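# Examining the three-dimensional arrangement
Here's the letter readout for the chains.
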Amino acid sequence: MPLSSGDPRCDDWYGCIGRAMRVEVEVLGSLRVRVSGEVLPQISGRGAVLLSRLALSAGQVVAADTLADCIWGERLPTQARASLSNQVMRLRRVLRAPIIESAPPGYLLRIAPGDVDVLVFRRMVAESRSLPDDRARDLLRRALLLWRGDPLAGLQSEAFQREDAPALAEERIAALERRIELDVAAGAHAEVVPELRELTTRHPLRETAVRLLIMALVRCGRRAEAVMAYHEMQGRLRTELGIDPSGELRAAFRGLLGDETDAREGNSGRGSRCTCTGESTSRRPATTNPDSAGEREATLGISRQLPAKIADLVGRETEAAGVVGQLGARGGEPLAVVSGPGGVGKSVLAVECAHRLVPAFPDGQLYVDLRRAGTSIALACLLRGLGLHDQTMPRSSDERVALYRSLTASRKVLVVLDNVVDESQMNLLLPAGSGSAAIITGRARMASLPGAHRIDLGALDEQGALDLLARIVGQDRLAAEPEEARSIARSCAGLPLALRIAGARLAARPRRRLATLAGRLLDDARRLAELRHGELDLRSCLALGYRPLPQQAKRLLCRVSIFDVPTFPAHLGADLLGITVAEAERLLEDLVDARLLDTADDQEGDALHYRIHDLVRLYARDQGKTEDMIRENEPVAALKEQNARLVRAVCPNPRVGR
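Only a predicted model underlies this, so the values are computations on that prediction, with no experimental measurement involved. (Residues numbered from 1 in each chain as written. Predicted model: local features only at pLDDT ≥ 70, side-chain atom pairs only at ≥ 80, totals over all residues. Heavy atoms only, no water.)

### Regarding the overall build of the chain
Rule in force here: Strands are runs of DSSP state E lasting at least two residues, helices are runs of H or I lasting at least four, and both sets are numbered from the N terminus onward. Exposed residues in this analysis have more than 50% of their type's maximum accessible area, buried residues have under 20%, and partly exposed residues fall in between, with area computed by a 1.4 Å probe over protein chains only. Two residues form a contact once any of their heavy atoms are found within 4.5 Å. Computed with the Shrake-Rupley method and a 1.4 Å probe, the accessible areas treat only the protein chains shown as cover for residues.
Regarding its fold elements, the chain presents 30 helices and 18 strands. Considering the chain as a whole, with its 658 residues, one finds that 52% of them fall into the buried category. Excluding contacts between residues fewer than 6 apart, the proportion of contacts in the chain whose partners are at least 24 apart in sequence is 68%. Carbon and sulfur atoms provide 49% of the accessible area of the chain, an area that totals close to 30100 Å².

Structure representation (structure tokens):
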């Protein structure tokens, strides 16, 4: 007879359940459940949907409204709560294990993350990112073996079909493409060609798969087939979507045409991708072969490389006017730095300002996305933007810097350096002439750049958030459900990227009530998953700041995220990790630099206090579970209670997150 939570023989109920009766749930295919190693008869219907939804968030509370939405969709029964309770009761009887707990505002599946195949898959994929290529390749191969078919197959749920199943399928394809890329790099190009043929057949518009197929075919010496693969993809994109292939795919093709050796090395050489515009670089023949900077300059033209501006810039007019006024005025600062957390709208503001400044810089406007470019590549992009041919491109970074400064010395050029990661790059990439100017964006404040007009962007206030939503979905829709609109704005915490995603989802479903999305966003366990639409993904944006962090800084962020406290002092971080206050302060400052924490305004004495953004808190909680920042052998409830004692000592009335 299994032990229960009230049994005096078991102080650690979760541990006892795990030892006495192990339950394993598999959703990467049709639903399959094992209890103590025995496969249960197939669970079907609403019970299967209920168990699958709980398993996707194992160890976390799933709101009753979320579960009801998954089970019934738009056809909710009159007594939805009572009907859900009946479904839970039936499922408990089928499972024969007390693992479904009632936990306001819903239910929780109390099983280890290692007993849910999708959570194991995600953990293995995350771990592979920090491993050497050979070990990452093996781990991804083992992770992909967990898949038995289409995720959540056979389940009748509109929510699964609309959101969860496509998202899981995308995770699988991304992991498969990464593993194939590592296979190609390891010399297994011939082995992956059949697999890539099948992948491109099943997903004919997936450009990454076609790019890998081209690389593999070239390395096999099958260049004619590689050319055919590119042209077939180009035709599909133009016919079905009315677009051309991406810069990366075009770069792979140019490399194929230009230099087979470069293509085999995974580098398209003179046809490499230019991160200034996303275009592949030109292989135009030089009309001359200039040797000096003056002769080169004579062949140059004027470039207009700015991305299209976004029409719904909201809440940033003061900041935009400040940048335009400083850079456009005679004698004004020639440099503007726009900093802020991920998703706050730095690039949108920079591009808007650059468009307004076009008349002041008639010799050209250059743009480089530094998230994907080192200094040497960025310099090459800028020089190409100034008209330099690849055949005359200097090889060394020092030569490129010298030529870049020479070409900009007597010109009025505006340069936008977007998504700066390494502040040390900047002095090499700024234009030299007094008539030129630059706009720099990045998460760091870049305090070492002298004489800059600085703007540090924060979240929008509630009215600004509502104005942005209204621009996207229409004022009439918001006016029809004002409370729900405010709830969405609060759930997005004023972050423009989150608001744009929410607005895009609403715009894509013009007949759906705002209340549906508002309810989903109130579920902390689901909110980040809801804030994804097409290529816009809040979780990916936050990951850009999180992934480069030292391991101890990641652990500290994940520990702090458990608690809903407004601010906390450095010595709390020391207590949570068992380190000195000085060590904790260094880690906390790393998190501030990454814009995952902020220093608080309400300091007490000499002690620094810190605060965490609501959406960062949710992301860090998820990462804490995914990356074992919360130890597997330490139940989450016990860790929370242990840490809560520390938090209560320094933070009044903290709320512990689920």
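### What to know about the sheet that holds strand β2 (residues 32-35)
To keep things clear, this is the line we draw: Think of it this way: DSSP has to see at least two bridges between two strands before they count as a pair.
If you trace the three strands from one edge of the open sheet to the other, you get β1-β2-β3, paired in antiparallel fashion. In this open sheet, the two edge strands, each paired with only one partner strand, are β1 (23-26) and β3 (38-39). Inspection of the sheet shows β1 paired to β2 by four bridges, in the antiparallel sense. If you follow V23 over to β2, its bridge partner there is V35.

### Observations concerning the nonpolar core
Using the following cut-off: Only buried residues count toward a nonpolar core. Its members are Ala, Val, Leu, Ile, Met, Phe, Trp, Tyr and Cys residues joined through side-chain atoms within 4.5 Å.
Grouped together as the largest cluster of nonpolar side chains are 83 residues, with contacts concentrated most on I439, I488, L531, L538, L557 and L597. Of all hydrophobic cores here, the second largest spans 81 residues; its members include V33, V116, L176 and L212.

### With respect to the pattern of salt bridges
Put simply, the rule is: Between Lys or Arg on one side and Asp or Glu on the other, a salt bridge is scored when a side-chain nitrogen of the former is within 4 Å of a carboxyl oxygen of the latter.
Going through the model one piece at a time under the given rule, you end up with 41 salt bridges. For E24, the salt bridge is made with R22, and the minimal N-O distance between the two is 3.6 Å. Several salt bridges converge on common partners, so that one network encompasses D69, R162, E163, R505, R520, R526 and E530.

### Quick notes on the confidence of the model for the chain
Let me state the cut-off plainly: For every residue, the pLDDT score states the predictor's confidence, bounded by 0 at the bottom and 100 at the top.
In the predicted model, the chain carries a mean pLDDT of 81, and 83% of its residues have values of at least 70. Scored below 50 in pLDDT, residues 632-636 makes seven contacts in the model with residues more than four places away or belonging to other chains.

### Let's talk about unusual backbone geometry
For residues other than glycine, phi is negative in most cases, and the peptide bonds are mostly trans. In this structure, the amide linkage connecting P104 to the following residue, P105, adopts the cis form with an omega of 5 degrees. Positive phi, close to 55 degrees, is recorded for S36, a residue that is not glycine. By the secondary structure assignment, S36 is in the loop between β2 and β3. Positioned with a positive phi, R595 is a non-glycine residue whose angle comes to about 65 degrees.

### Quick word on the sheet that holds strand β17 (residues 609-612)
Formally: Here an angle of 0 to 180 degrees is reported between the N-to-C directions of two axes, which are lines fitted to C-alpha atoms, with helices fitted over the stretch in contact.
Taken in spatial order, the three strands make up an open sheet running β15-β17-β16, and their pairing is antiparallel. Edge positions in the sheet fall to β15 (568-569) and β16 (597-599), since each has one partner strand and no second. Direction of pairing for β16 relative to β17: antiparallel, over a ladder of three bridges. Across the sheet, residue T599 finds its bridge partner in β17, namely Y610. In the packing of helix α28 (residues 581-593) onto the sheet, contacts are made with β15, β16 and β17, and the angle to β16 comes to roughly 110 degrees.

### Considering the packing of aromatic side chains
The description of an aromatic ring pair uses the distance of the two centres, along with the angle that the planes make with each other. As a reminder of what qualifies: Only the six-membered ring of Trp is used, alongside the rings of Phe and Tyr, when aromatic pairs are assigned; centres must lie within 6.5 Å, and planes under 30 degrees apart are stacked while those over 60 apart are edge-to-face, with the rest tilted. Think of it as a cone above the ring: NZ of Lys or CZ of Arg counts as a charge over the ring if it is within 6 Å of the ring centre and within 35 degrees of the ring normal.
Applying the stated criterion to the full structure yields four aromatic pairs. Between the aromatic rings of Y230 and F253, the centroid separation amounts to 3.9 Å while the plane-to-plane angle is 5 degrees, which identifies the pairing as stacked. Of this pair, Y230 sits in helix α10 (residues 223-241) while F253 sits in helix α11 (residues 247-258), and the two are 23 residues apart along the sequence. One exposure class covers both Y230 and F253, and it is buried. Ring geometry for F568 versus Y610: centroids 6.1 Å apart, planes at 35 degrees, classification tilted. Here Y610 lies in strand β17 and F568 lies in strand β15, a separation of 42 residues in the sequence. With relative accessibility at 1%, the residue F568 sits in the buried group. The class of Y610 is buried, set by a relative accessible area of 0%. One Lys or Arg, R172, reaches over the ring of W147 and ends 5.9 Å from the middle of that ring.

### As for the pairing of strand β9 (residues 414-420)
β9 sits mainly inside the fold: seven of its seven residues count as buried. Relative to β9, strand β8 (residues 365-369) runs parallel, the two sharing five bridges. By the bridge assignment, L366 is partnered in β9 with V415.

### Some thoughts on helix α25 (residues 538-546)
Selection rule: We call two N or O atoms a polar contact when they sit within 3.5 Å, provided that within protein one can donate a hydrogen and the other can accept it, with sequence-adjacent residues counted only if both atoms are side-chain atoms.
When α25 is considered as a whole, its buried residues turn out to be L538, C541, L542, A543, G545 and Y546. Capping the start of α25, D537 holds a side-chain oxygen 3.1 Å from the backbone nitrogen of R539, two or three residues further along.

### As for a nonpolar patch on the surface
Let me state the cut-off plainly: Patch membership requires over 30% relative accessible area and the absence of a salt bridge. Like charges are linked within 9 Å, and nonpolar side chains (Val, Leu, Ile, Met, Phe, Trp, Tyr) within 5 Å.
On the surface, a cluster of nonpolar side chains totalling about 230 Å² of accessible area is made up of L205, L241 and I243. Note that I243 resides in the loop between α10 and α11. Overall, the relative accessible area of 39% leaves I243 in the partly exposed class.

### Re the environment of P41
Considering the arrangement of structural elements, one finds P41 in the loop between β3 and α2 (45-56). Accessibility expressed as a relative area gives 66% for P41, which makes it exposed. For the pair formed by P41 and V94, sequence separation is 53 residues and the distance between their alpha carbons is 9.1 Å.

### Some points on the packing of helix α7 (residues 158-185) against helix α8 (residues 189-202)
Using the following cut-off: Orientation categories follow fixed angle ranges, with anything under 35 degrees roughly parallel, anything over 145 roughly antiparallel, 65 to 115 roughly perpendicular, and all other angles oblique. Whether a crossing is left-handed or right-handed is set by the direction in which the near helix is turned from the far one by less than a right angle, anticlockwise for left-handed and clockwise for right-handed. In the scheme used here, Gly and all other residues not listed as nonpolar or charged are polar, with Ala, Val, Leu, Ile, Met, Phe, Trp, Tyr, Cys and Pro taken as nonpolar and Asp, Glu, Lys and Arg as charged.
Where α7 contacts α8, the two axes come as close as 9 Å, and the packing angle between them is 155 degrees. Between α7 and α8, the interaxial angle falls into the category roughly antiparallel. Where α7 crosses over α8, the two elements pack in a sense that is left-handed. Judged by residue contacts, I173, L176, E177, R179, I180, D183 and V184 of α7 engage H189, V192, E195, L196 and L199 from α8. Taken together, the residues of the contact of α7 with α8 break down into seven nonpolar, one polar and four charged.

### Concerning the packing of helix α6 (residues 133-144) against α7
At a closest axis distance of 9 Å, the pairing of α6 and α7 adopts a crossing angle of 140 degrees. In terms of orientation, α6 and α7 fall into the oblique class. Crossing geometry of α6 relative to α7 is assigned as left-handed. Two secondary-structure elements touch here, α6 through D133, A136, R137, L140, R141 and L144 and α7 through R172, A175, L176, R178, R179, L182 and D183.

### Observations concerning α7
To keep it simple, the criterion reads: The span one expects for a helix is its residue count, reduced by one, times 1.5 Å. In this scheme, the bend at a residue equals the angle between the axes fitted to the seven residues that finish there and the seven that begin there.
Between the first and last C-alpha of α7 there are 40 Å, a value that for 28 residues agrees with the 40 Å anticipated at 1.5 Å per step. Where α7 bends most, the angle comes to about 35 degrees, and this point is D164, followed within four residues by the proline P166. A positive phi of about 95 degrees marks G187, the residue just after α7.

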